[in-house]
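Listed below are the residues making up each chain.
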Amino acid sequence: MKTAICYYSRHHGNTLKVLEAMAAEGSVDLIDVTTRQAVRLEEYDCIGFASGIYGFEFQKGVVEFARQYLPAQKPVFFVYTYGGAKGTGAKAVAQIAKEKNCPVLGEFSCKGYDTFGPFQLVGGIAKGRPNAQDLENARKFYREIKEHFHRSTQA
């Protein structure tokens, strides 16, 4: 299964750490939405969208990237990290997937170290996250996505 994960990860690189753990499971291209303008997502079997939660939402660049490049009926999944609260999570990209009739294979989230805004006054929250267990859970999530995809193509 050839997978693209389109992501935005800046603050402390929490989301990228999770995605690198997933990519270690094989055949994953990580696409930073801030550096690539034109991509051919049709060439992938499955597409992930990933972001930290910024202001209680998925990063807007990822949402716009999904709106512009996600092919109709392509299987998708979502990944995000958050400091204090999940906010609306992947709701905005999930809505785009729904509009394009894309089956949603799952969603993975975990805490990530956060020093944004008032959190910097206390040295940040969710220190040490994502941790080894979070990364193992991310790998397990992606393995399950691959197994589900493989079963569905065999049917």
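Residues numbered from 1 in each chain as written. Predicted model: local features only at pLDDT ≥ 70, side-chain atom pairs only at ≥ 80, totals over all residues. Heavy atoms only, no water.

Visitor: Any chance you could explain the overall build of the chain here in plain terms?
Guide: Looking only at helices and strands, one finds four helices and six strands in the chain. In the chain, buried positions account for 45% of the 155 residues. Look at the contacts in the chain between residues 6 or more apart in sequence, and 76% of them connect residues 24 or more apart. If you sum the accessible surface of the chain, you get close to 7900 Å²; carbon and sulfur atoms cover 50% of it. (Helix = DSSP H or I, 4+ residues; strand = E, 2+ residues; numbered from the N terminus. Buried < 20%, exposed > 50% of the residue type's maximum accessible area, 1.4 Å probe, protein only. Contact = heavy atoms within 4.5 Å. Areas by Shrake-Rupley, 256 points an atom, 1.4 Å probe, with all protein chains shown as cover.)

Visitor: Mind showing me how you'd approach the nonpolar core here?
Guide: Soluble globular proteins tend to bury their nonpolar side chains together. Formed by 27 residues in total, the largest nonpolar core has its most connected members in Leu41, Phe49, Phe58 and Phe65. Taken together, the elements giving at least two residues each to this core come down to strand 1 (3-8), strand 3 (46-54), helix 2 (60-69), strand 5 (76-82) and helix 3 (91-99). The next biggest cluster of nonpolar side chains, apart from the first, holds 18 residues, and it includes Met22, Ala50, Phe77 and Ala138. (Core = buried A, V, L, I, M, F, W, Y, C linked by side-chain atoms within 4.5 Å.)

Visitor: Looking at this model, I keep getting lost on the pattern of salt bridges. Mind explaining?
Guide: When their charged atoms lie close together, side chains carrying opposite charge are able to pair. Enumeration according to the criterion identifies nine salt bridges in this entry. Notably, a salt bridge pairs Asp32 with Arg10, separated by 3.3 Å at the nearest N-O pair. With Asp32 in strand 2 (residues 28-32) and Arg10 in the loop between strand 1 and helix 1 (14-23), the pair connects residues that are 22 residues apart, well separated along the chain. As a salt-bridge pair, Lys60 and Glu57 come within 3.0 Å of each other at their nearest N and O atoms. Its relative accessible area of 57% is what places Lys60 among the exposed residues. Given the relative accessible area of 35%, Glu57 is considered partly exposed. When salt bridges that share partners are traced, they join Glu25, Glu136, Arg139 and Arg143 into one network. (Salt bridge = Lys/Arg side-chain N within 4 Å of Asp/Glu carboxyl O.)

Visitor: Just to check I follow, could you spell out helix 1 for this structure?
Guide: Spacing of three or four residues puts side chains on the same side of an α-helix, whose turn is 3.6 residues. Of the residues making up helix 1, those classed as buried are Asn14, Thr15, Val18, Leu19, Ala21 and Met22. The buried side chains of helix 1 occupy one side of the element, clustering within an arc of 155° when seen end-on. Those residues of helix 1 that are buried are in contact with strand 1, strand 2, strand 3, strand 5, strand 6 (104-111) and helix 4 (132-154). (Arc of directions from axis to C-beta.)

Visitor: Looking at this structure, I do not really get the pairing of strand 1. What am I missing?
Guide: A regular strand carries its side chains on alternate faces of the sheet. Among the six residues of strand 1, six are classified as buried, and the element is accordingly described as predominantly covered. With burial as the criterion, each face of strand 1 is covered, one bearing Thr3, Ile5 and Tyr7 and the other bearing Ala4, Cys6 and Tyr8. Here strand 1 pairs with strand 2 via five bridges, running parallel. Bridging from a neighbouring strand, Thr3 pairs with Val28 of strand 2. Where strand 1 and strand 3 come together, six bridges link them in parallel fashion. Directly across from Tyr7, in strand 3, lies its bridge partner Ala50. (Pairing = 2+ DSSP bridges.)

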